[in-house]
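Summary of the model geometry
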Amino acid sequence: MDFKGSETIPGPRTEDQLPQTAEAAAKIVIVGGFGVGKTTMVGSVSEIKPLTTEETMTQAGVGVDDNFGSASKTATTVAMDFGRIKITEQLVLYLFGTPGQERFWFLWNGLFEGALGAVVLVDTRRLEVSFDVMGRLEERGVPFVVAVNTFPDAPRYPFADLRTALDLSDDVPIMDCDVRRRASSRDVLITLMRFLHSLAMTGSRT
Amino acid sequence: MTPPQRQRRSPQEDPPPQPAQDKKEDERPNPERLYVVAGADGNRADLDLVTLIVARVEDPPHSATPEHAALLRLCAAPLSVAELSAYLSLPFGVVTVLLTDMLAAELVQARAPIVRKALPDRSLLEAVMHGLQRL
Ligand SMILES: Nc1nc2c(ncn2[C@@H]2O[C@H](COP(=O)(O)OP(=O)(O)OP(=O)(O)O)[C@@H](O)[C@H]2O)c(=O)[nH]1
Ligand SMILES: [Mg+2]
């Protein structure tokens, strides 16, 4: 690893620095299959330029992207992009656009266990690419809302049909969104917060 | 046109098993991480992606490595472990090892994240909702 000494490393721009009063941060995960718009959503709603954190796995733990022909053990980098919203002078919210493949999740300690909730993005042209991740969230008891990222050439289904197809219980919110638009992405996050709030009101488990 | 059909799953009491894998080498619980910079995996501080790290001193001690010095400079204002990893272009695991040293040496302070609880904190959720509405 080529480490260049502290002077050359750019940190956050001055206007992106958090106040000293920032006490704690919470996180939300944005999930969904390949290419459903996770990165776009993180970028549209983040107040800072989205960043990427990586984790490195050696070949044995990877199972994809085999890079044969290299003499040494190949390391594969799994990247996750994220953004940030300052909620108050004390509280910060982070949004993680999480790789669809569950085998990568454990790389980041507590990524799902600690998340307040999740946004599941679906693309109606390929609904099934988001099925697995929804099941994983259910198994882990992570509450989620479903946002239908409406690509122009995608088939439109009535929400009732989608709810049936996705086997969602009646209380799980489902809505349309255009992840390229900040207001639309923000509304999805607000819907998630309302949903979490309603779970708190009814006292149901997470 | 009929969309494909999913089947809901139920919560599991125990953490779900590692994803099904058929190769022998995958039997170890975690893949090796790279410790080129950080050395062996000792007792690592329990740091979340969104644990906020804040410097407690202005200048790095003489013993500080370039990585420690860079971290210290970055977290003059609070910054999450995820951001530190991003700005340093170092894997999350490496950064947590570096920070473990720095916490022990009292060079930085860690502010614990807010995590999901069985009974969510309503006032927190309301604060987040209001914050989002201002976006
Ligand atoms: N027309 C249209 N295009 C979109 C929309 N959302 C995303 N895209 C495009 O779809 C492509 C995939 O979006 P990404 O945000 O990269 O999706 P992702 O889920 O992060 O993809 P992976 O990380 O590769 O799994 C990009 O080229 C986006 O510009 C949308 O709402 N409408
Ligand atoms: Mg992406």
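What counts and what doesn't
- Residues numbered from 1 in each chain as written.
- Chains lettered and ligands numbered in written order.
- Predicted model: local features only at pLDDT ≥ 70, side-chain atom pairs only at ≥ 80, totals over all residues.
- Heavy atoms only, no water.
- UniProt positions renumbered as here; feature names shortened; annotations may be inferred.
- Helix = DSSP H or I, 4+ residues; strand = E, 2+ residues; numbered from the N terminus.
- Buried < 20%, exposed > 50% of the residue type's maximum accessible area, 1.4 Å probe, protein only.
- Contact = heavy atoms within 4.5 Å.
- Areas by Shrake-Rupley, 256 points an atom, 1.4 Å probe, with all protein chains shown as cover.
- Near = heavy atom within 4 Å.
- Polar contact = N/O pair within 3.5 Å; in protein donor to acceptor, adjacent residues only side chain to side chain.
- Buried area = accessible area lost by both parts, 1.4 Å probe.
- Salt bridge = Lys/Arg side-chain N within 4 Å of Asp/Glu carboxyl O.
- Pairing = 2+ DSSP bridges.
- Right-handed = clockwise from strand over helix to strand, strands pointing away.
- Core = buried A, V, L, I, M, F, W, Y, C linked by side-chain atoms within 4.5 Å.
- pLDDT = per-residue confidence, 0-100.
- Axes fitted to C-alpha atoms, helices over the stretch in contact; angles between N-to-C directions.
- Parallel < 35°, antiparallel > 145°, perpendicular 65-115°, else oblique.
- Left-handed = near helix turned anticlockwise from the far one by under 90°.
- Nonpolar A, V, L, I, M, F, W, Y, C, P; charged D, E, K, R; others polar.

Per an unreviewed UniProt entry, chain A carries the name ATP-binding protein and comes from Streptomyces prasinus. On record in UniProt, under Sequence similarities (unreviewed entry), the comment for chain A is "Belongs to the GPN-loop GTPase family."

This part takes up the overall build of chain A. Helices and strands together make up the secondary structure of chain A, namely 4 helices and 7 strands. Reading chain A from its N terminus to its C terminus gives the helix and strand order β-α-β-β-β-β-α-β-α-β-α. The burial tally for chain A puts 59% of its 206 residues in the buried class. Counting contacts in chain A only where the partners sit at least 6 residues apart, residues at least 24 apart contribute 72% of the total.

Attention now goes to the overall build of chain B. Along chain B, the regular secondary structure elements total 4 helices and 3 strands. Counting helices and strands in the order they occur from the N terminus, chain B gives β-α-β-α-α-β-α. Within chain B, the fraction of its 135 residues that count as buried is 44%. If you take every contact in chain B between residues at least 6 apart in sequence, the share linking residues at least 24 apart comes to 67%. On chain B, roughly 7,400 Å² of surface is accessible, and the fraction owed to carbon and sulfur atoms is 49%.

All names here are of chain A. Taken together, 13 residues form the shell around ligand 1, and within it Gly35, Lys38, Thr39, Thr40 and Asn149 come nearest. Separating an oxygen atom of ligand 1 from a side-chain N or O atom of Asp178 is a distance of 3.3 Å. Here ligand 1 has 650 Å² of accessible area as a free molecule, and 66% of this is covered by the chains. The element that contributes the greatest number of residues to the shell around ligand 1 is helix α1 (residues 38-45), accounting for 3 residues.

This part takes up the interface of chain A and chain B. Counting residues at the interface gives 93 residues for chain A and 77 residues for chain B. Buried surface at the junction of chain A and chain B, summed over both partners, amounts to about 7,600 Å²; 61% is from carbon and sulfur atoms. Summed over the shared surface of chain A and chain B, the result is 6 salt bridges. Here Arg8 of chain B and Asp167 of chain A are joined by a salt bridge, their closest N and O atoms 3.4 Å apart. Connecting chain A to chain B are 28 residue pairs in polar contact (both at pLDDT 80 or more). Contributions of two or more residues to the side of chain A that touches chain B are made by β1 (24-31), β2 (51-58), β3 (75-86), β4 (91-97), α2 (131-140), α3 (159-165) and α4 (182-202) of chain A. Of all the elements, α4 of chain A adds the most residues to the side of chain A that touches chain B, at 10 residues.

Turning our attention to the pairing of strand β7 (residues 174-177) of chain A. All names here are of chain A. Across 4 bridges, strand β6 (residues 144-149) lies against β7 in parallel orientation. Following the sheet pairing, Val148 is matched in β7 by Asp176. A crossover connection joins β6 to the parallel β7 through α3; in handedness this β-α-β unit is right-handed.

Moving on, we come to the nonpolar core. A general feature of soluble globular proteins is that nonpolar side chains tend to end up buried together. Formed by 102 residues in total, the largest nonpolar core has its most connected members in Phe96, Val119 and Met193 of chain A together with Leu99 of chain B. Counting residues per element, this core draws most heavily on α4 of chain A, at 8 residues. Excluding its chain neighbours within four sequence positions, the residues that come into contact with Phe96 of chain A are Lys27, Ile28, Val29, Ile30, Val42, Met80, Asp81, Phe82 and Leu111 of chain A together with Leu49, Val50 and Ala82 of chain B.

All names here are of chain B. For chain B, the average pLDDT comes to 82, and 79% of its residues sit at 70 or higher. Across residues 17-40, confidence stays below pLDDT 50; counting only partners more than four residues off in sequence or on other chains, it has 42 contacts. Overall fold confidence for the complex sits at a pTM of 0.86, while the interface term, ipTM, reaches 0.87.

Attention now moves to the sheet that holds strand β1 (residues 52-55) of chain B. Residue and element names in this part refer to chain B. One open sheet holds the 3 strands; their spatial order is β2-β1-β3, and the pairing between them is antiparallel. The open sheet has two free edges, formed respectively by β2 (79-80) and β3 (108-111), since each of these has just one partner strand. Both β1 and β2 contribute to a ladder of 2 bridges, which runs antiparallel. Its bridge partner being in β2, Leu52 is matched across the sheet by Ser80.

Time to look at the packing of helix α2 (residues 81-88) of chain B against helix α3 (residues 92-104) of chain B. Residues and elements named next belong to chain B. It is the contact of α2 with α3, at a shortest axis distance of 9 Å, that shows an interaxial angle of 110°. As judged from the angle between their axes, α2 and α3 are roughly perpendicular. The handedness of the crossing between α2 and α3 comes out as right-handed. Contacts between α2 and α3 involve Val81, Leu84 and Ser85 from the first element and Phe92, Val95, Thr96 and Leu99 from the second. Each residue belonging to the contact of α2 with α3 can be placed in one class, and the counts come to 5 nonpolar, 2 polar and no charged.

Looking now at the confidence of the model for chain A. Across chain A, the average pLDDT comes to 87, with 86% of residues at 70 or higher. Every residue in residues 61-71 of chain A is under pLDDT 50, and counting partners more than four places away or in other chains gives 13 contacts.

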